[in-house]
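Chain and residue survey
Listed below are the residues making up each chain.
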Amino acid sequence: MHIPENLRLVLIIIFFTVLYYHRHKKENKMVAQETIDYVQKLIKENKIIVFAKSYCPYSIATRRTLFNDCKVPQSKALVLELDLMQDGQEIQQALLAINGQKTVPHVYIAGEFIGGNHELQQIFQSGELQKKLAPILA
Ligand SMILES: N[C@@H](CCC(=O)N[C@@H](CS)C(=O)NCC(=O)O)C(=O)O
């Protein structure tokens, strides 16, 4: 099928405009204060909490570092798989409002926001992670 050059250009522009507004709308969605309070309560009440997604390779790497390398017992950490939860998207929006990070995982240790997997791996390599975990695992 032949599509004239001009029409092709217009279609491409429309595609990217729709894509941009779709993303923008998602980012600006209001989060209920109730959800923010709920997420903050979870962070406060769990010494180690990871907001993850089940298919995400960065979340998988974070789990591996915590549970395999650092030998954190499953009972000492809460891992929430946001993609498998009905309110997962809302929780992710609340996390964005709380700590400004758009991607998963979100790692918290003793109430402190560590960051994503990249930051977790950095402090694992430096030995800082093991120091943060020591009082929790004692
Ligand atoms: N630098 C980040 C990368 C994490 C990342 O790209 N995660 C993807 C999923 S695998 C993500 O959150 N995408 C957006 C989303 O799922 O909302 C890290 O090390 O944690």
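Residues numbered from 1 in each chain as written. Predicted model: local features only at pLDDT ≥ 70, side-chain atom pairs only at ≥ 80, totals over all residues. Heavy atoms only, no water.

1. Overview of the site of the ligand
Selection rule: Definition of nearness: a residue and a molecule or strand are near each other if at least one heavy atom of the residue lies within 4 Å of the molecule or strand. N or O atoms within 3.5 Å of each other form a polar contact, as long as, within protein, one can give a hydrogen and the other can take it, and as long as residues adjacent in sequence are counted only when both atoms are side-chain atoms. Per-residue and other accessible areas were derived by the Shrake-Rupley procedure at a 1.4 Å probe size, with only the shown protein chains allowed to occlude residues. Secondary structure elements follow DSSP: runs of H or I of four or more residues count as helices, runs of E of two or more count as strands, with numbering from the N terminus. Gly falls in the polar group here, along with every residue not listed as nonpolar (Ala, Val, Leu, Ile, Met, Phe, Trp, Tyr, Cys, Pro) or charged (Asp, Glu, Lys, Arg).
The local shell around the ligand consists of Lys-53, Cys-56, Pro-57, Tyr-58, Gln-92, Thr-103, Val-104, Pro-105, Gly-116, Asn-117 and His-118. In the environment of the ligand, an oxygen atom lies 2.8 Å from a nitrogen or oxygen atom belonging to the backbone of Asn-117. Residue His-118 places a main-chain N or O atom 2.8 Å away from an oxygen atom belonging to the ligand. Taken by itself the ligand offers 510 Å² of open surface, and the protein chains cover 70% of this. Of all the secondary structure elements, the ones that give two or more residues to the shell around the ligand are α3 (57-69) and α5 (117-126). Class assignment for the residues of the shell around the ligand results in 5 nonpolar, 5 polar and 1 charged.

2. What to know about the UniProt feature "transmembrane region" (unreviewed entry) in the chain
What counts, and what does not: UniProt positions are given in the numbering used here, feature names are shortened, and annotations may be inferred rather than shown by experiment.
According to UniProt, the positions carrying the feature "transmembrane region" (unreviewed entry) are residues 6-22. For residues 6-22, the helix share is 100%, the strand share is 0%, and the end-to-end C-alpha distance is 24 Å.

3. Side note on the pairing of strand β4 (residues 112-115)
Rules: Two strands pair under a simple rule: DSSP has to find at least two bridges between them.
For strand β3 (residues 106-109) and β4, the ladder comprises 3 bridges, and the chain directions are antiparallel. Within the sheet, the bridge partner assigned to Val-107 lies in β4 and is Gly-115. Where β3 folds back on β4, the antiparallel hairpin that results is connected by 2 residues, among which Ala-110 adopts a positive phi of roughly 50°.

4. Remarks on unusual backbone geometry
A cis geometry characterises the amide bond from Val-104 onward to Pro-105, with omega recorded as 5°. When you line up the elements, Pro-105 lands in the loop between α4 (88-99) and β3. Phi is positive for Ala-110, close to 50°, though the residue is something other than glycine. Among the structural elements, Ala-110 can be located in the loop between β3 and β4.

5. A look at the domain arrangement of the chain
Put simply, the rule is: Domain start and stop positions are those given by an automatic or database domain assignment.
Per the domain assignment, the segments making up the chain are domain 1 (1-29) and domain 2 (33-136). Put simply, the middle of domain 1 and the middle of domain 2, counted by C-alpha atoms, are 35 Å apart.

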